[in-house]
Amino acid sequence: MLYQDALRLLPELFLAGSIIVLLMYGVFSGDSKTRSVVILSFATIVAAAVLVWRMPGGEGVAFAEQFQSDTFTRYAKILVLIGAGSCMIMSMRYIERANMARFEFPILFLFATLGMMMMISANDLMSLYMGLELQSLALYVVAAFRRDTLRSTEAGLKYFVLGALSSGMLLYGISLVYGFVGTTGFDQLNQVIAGLRGEGQPLPVGLVIGLVFVAAGLAFKVSAVPFHMWTPDVYEGAPTIVTAFFATAPKIAALALFVRVMSEPFAALTDQWQQILVFVALASMILGAFAALSQSNIKRLMAYSSIGHVGYALVGLAAGTQTGVEAVLVYMAIYLIMNIGTFACILCMRREGRMVEAISDLAGLSKSQPMMALALCIFMFSMAGIPPLLGFWGKWYVFAAALDAGLTWLVIIGVLASVVGAFYYIRIIKIMYFDEAAEPFDKDTGAETGFVIGLSAIAVVGLFVFLAPLENAAKLAASAVFGG
Amino acid sequence: MILQAIAFYLFAGVTVASAVMVVFARNPVHSVLFLILAFFNAAGLFVLLGAEFIAMILVIVYVGAVAVLFLFVVMMLNIDFKAMREGFVSNAPIGVIIGFILIVELLLLVGGWTIQAPAIGAIATPIPPINEVTNTEALGHVLYTKYIYLFQAAGMILLLAMVGAIVLTHRTRPGIKRQVIADQIAKGHMDTVSVQKVPSRSGV
């Protein structure tokens, strides 16, 4: 029994064990060995991904139904590990150049990754909260990692205070749900609530209030409007590699959690949460498109862009159907690839050893670094949703699912918002190709970053040929949420 | 019965009175001390409810750790409490309105408190009868067995908190002289005393 449980938990156990071993290694060999800690952490992530893929314990729940592993958790965890692994390998040279090469940095990334895997696999509101806290706590620390600079500490503090507030809201909601339903387990919640609805009894008011609070707490973690205020400041203030991490892995994990919580324990309350999600998706898409128009800092721009993308992903969830969840999963994968590529390009924006972040610094990139300009151009076109690039297909899936569910006006507004959004993505391309050339960037960016850029650019251009396997994987994952 | 009633009104009365004093005391240190008094009396209320574990946790965690932390903050940071108190009267109506809304919401919530039959069957861990096992024992039965996953997860969070605190505050300062006890013990008279031959009539 315990053996079977431990086998299901193996990827997490492996990650936790590696964290402790690497921590010891780092403590005893000092900051001079940071590079080898980063490489070992990367190897740990790869090994964890293999374990997740193989699923040694099979599908099912473990540890008194606190933890679950199925095709959905596998899909989401693989995405998270891809995001975390790419950021890890790109951080190797970045932290040395940025003068923050301390061995704790990769270990904090690993802690955050462990937390994300735990929240994806949560099968109980309690284990959900534990995973979420582990992830958030690690992220607060890495945001403030450059403690000597005002902006980084401000980002860390702001994220911490608002994150603690959102955790409070989430916990308040969880306690209300527990108080009115009498359980925190996902499966039992699903049964009890379905039972209440089946008997046609009036819903307890407290349960609905609790649901709203839980949704608000989760919306904060995915930075959806109206809980997005922290995103631009934190993205701008944190070190760029940390921003890249924020925009990829934690976002995927939080979205997966959002999908799971809404469509498993609260499946019988779909009519109650659907209106919340429609509003959140709508507001995120519109704000993401319009607020980004006037940005001059590329990290801030990416923050608003990610708010907009979360809006599009939530359109799929708002549909409240299995196809909708499938579309969210496909969107998550596509969002991940585009963002890793874009942030890898942003990490290359350095002049004389210093990071530059203004959009105008990209001027004339097509002449000094044509390959990078081409890659960034591909990512921007993809984010804007120009067919046949990958970004178009992500939007296509979510909008198709929403149309199926009868949310026509939401789709119309979404398409309009993406037209507005296309303006600022294409503006970057115009600056790169048609503006007066600025000074060229430093070229010693390292092979890993170039490799990540190349790989994601090829994926964005060519992967639409292989959309069917991705769609099948998403279909299998979504069926785990709805079939069970 | 009458004894319990007296105890309840004593604890409840002192809790409310000291909570009021937390807000109105002029000296911030007095505020913290009144807060500690409020915690103690709340713990007494928990004991009356038969929840002695929560009562002890309240004393240990809130009085022992949180309140002491407050005292540290009050004493170590130079906070201008005069300035913070400005606008108290003008903001008071807003506070009263928010408090009133909160209380109405709470009353609505408690008023609508119904636990449906399926919910009673689904209660995650039934509470054992209080006259057979104590709270602490009942918690101990499930905490390290059924909820081992959560317990270990909490352990990881605490480890992370420690690593994070060290990362954000630890600095290595150059040029600090440290005591090395082994060196001190290993030191013999040969290292510190030198014998000089002094030729007569010439001095050192």
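Residues numbered from 1 in each chain as written. Chains lettered and ligands numbered in written order. Predicted model: local features only at pLDDT ≥ 70, side-chain atom pairs only at ≥ 80, totals over all residues. Heavy atoms only, no water.

(A) Focus on the overall build of chain A. Check the secondary structure of chain A and you find 21 helices and four strands. Taking 23 Å as the expected radius of gyration for a compact globule of 484 residues, we find that chain A reaches 21 Å, a close match to that expectation. By its C-alpha atoms, chain A is 70 × 55 × 40 Å across when sized along the principal axes. Every one of the 484 residues in chain A was classed for burial, and the buried ones make up 63%. Surface summary for chain A: the accessible area is close to 16,400 Å², and the carbon and sulfur share equals 68%. For chain A, the distance from the average position of its 28 positive side-chain charges to the average position of its 30 negative side-chain charges is 6 Å. (Helix = DSSP H or I, 4+ residues; strand = E, 2+ residues; numbered from the N terminus. Rg over C-alpha atoms; globule rule 2.2 N^0.38 Å. Buried < 20%, exposed > 50% of the residue type's maximum accessible area, 1.4 Å probe, protein only. Areas by Shrake-Rupley, 256 points an atom, 1.4 Å probe, with all protein chains shown as cover. Lys, Arg positive; Asp, Glu negative; His and termini not counted. Charge placed at Lys NZ, Arg CZ, Asp CG, Glu CD.)

(B) Here's a closer look at the packing of helix α2 (residues 10–29) of chain A against helix α5 (residues 104–120) of chain A. All names here are of chain A. It is the contact of α2 with α5, at a shortest axis distance of 10 Å, that shows an interaxial angle of 165 degrees. When the axis of α2 is compared with that of α5, the two are roughly antiparallel. α2 and α5 meet at a crossing whose hand is left-handed. Here α2 contributes P11, E12, L15, A16, I19, L22 and L23 to the contact with α5, which in turn contributes I107, L110, F111, T113, L114, M117 and M118. (Axes fitted to C-alpha atoms, helices over the stretch in contact; angles between N-to-C directions. Parallel < 35°, antiparallel > 145°, perpendicular 65-115°, else oblique. Left-handed = near helix turned anticlockwise from the far one by under 90°. Contact = heavy atoms within 4.5 Å.)

(C) Local environment of the pattern of salt bridges. All names here are of chain A. Summed over the entire model, instances satisfying the criterion amount to 18 salt bridges over all chains. Residues E448 and R93 are paired through a salt bridge, measuring 2.6 Å at the closest nitrogen-oxygen approach. On the criterion of sequence distance, the pair formed by E448 in helix α20 (residues 447–462) and R93 in helix α4 (residues 71–97) is long-range, its members being 355 residues apart. Taking relative accessible area as the criterion, R93 reaches 26% and is therefore assigned partly exposed. Across the pair D233 and K158 runs a salt bridge whose closest N-O atoms are separated by 2.9 Å. (Salt bridge = Lys/Arg side-chain N within 4 Å of Asp/Glu carboxyl O.)

(D) Quick peek at the packing of helix α12 (residues 249–263) of chain A against helix α14 (residues 298–319) of chain A. All names here are of chain A. Remark: α12 packs on α14, axes separated minimally by 11 Å, with the N-to-C direction vectors making an angle of 25 degrees. By the angle class used here, α12 and α14 are roughly parallel. As for how α12 packs across α14, the hand of that crossing is right-handed. Within the contact between the two elements, α12 uses K251, L255, F258, V259 and M262 and α14 uses S306, V310, A313, L314 and L317. Residue classes in the contact of α12 with α14 are distributed as eight nonpolar, one polar and one charged. (Nonpolar A, V, L, I, M, F, W, Y, C, P; charged D, E, K, R; others polar.)

(E) Highlighting the confidence of the model for chain B. Residues and elements named next belong to chain B. For chain B, the mean per-residue pLDDT works out to 85, and 91% of the residues sit at or above 70. Least confident of the elements in chain B is helix α6 (residues 117–121), whose mean pLDDT is 63; most confident is helix α8 (residues 148–169), at 94. Reported for the predicted complex are a pTM of 0.90 and an ipTM of 0.93. (pLDDT = per-residue confidence, 0-100.)

(F) Molecular detail of the packing of aromatic side chains. Applying the stated criterion to the full structure yields 21 aromatic pairs over all chains. A centroid spacing of 6.0 Å and a plane angle of 20 degrees characterise the contact between F63(A) and Y149(B), whose relative ring orientation is stacked. You can see F63(A) sitting in the loop between β1 (60–62) and β2 (67–69) and its partner Y149(B) sitting in helix α8, one on each of two chains. Under the relative-accessibility criterion, F63(A) is labelled buried at 11%. For Y149(B), a relative accessible area of 7% gives the class buried. Judged by centre distance (4.6 Å) and plane angle (45 degrees), the ring pair of Y424(A) and Y425(A) falls under tilted. (Phe/Tyr/Trp six-rings, centres within 6.5 Å; stacked < 30°, edge-to-face > 60°.)

(G) Structural context of a nonpolar patch on the surface. Residue and element names in this part refer to chain B. Residues V68, F72, V73, M75, M76, L77, I79 and M84 make up a contiguous nonpolar surface patch of about 800 Å² in total accessible area. In terms of residue count, the dominant contributor to the nonpolar patch is helix α3 (residues 52–76) (five residues). On the secondary structure map, M75 appears in helix α3. (Patch = residues over 30% accessible without salt bridge, like charges linked within 9 Å, V, L, I, M, F, W, Y side chains within 5 Å.)

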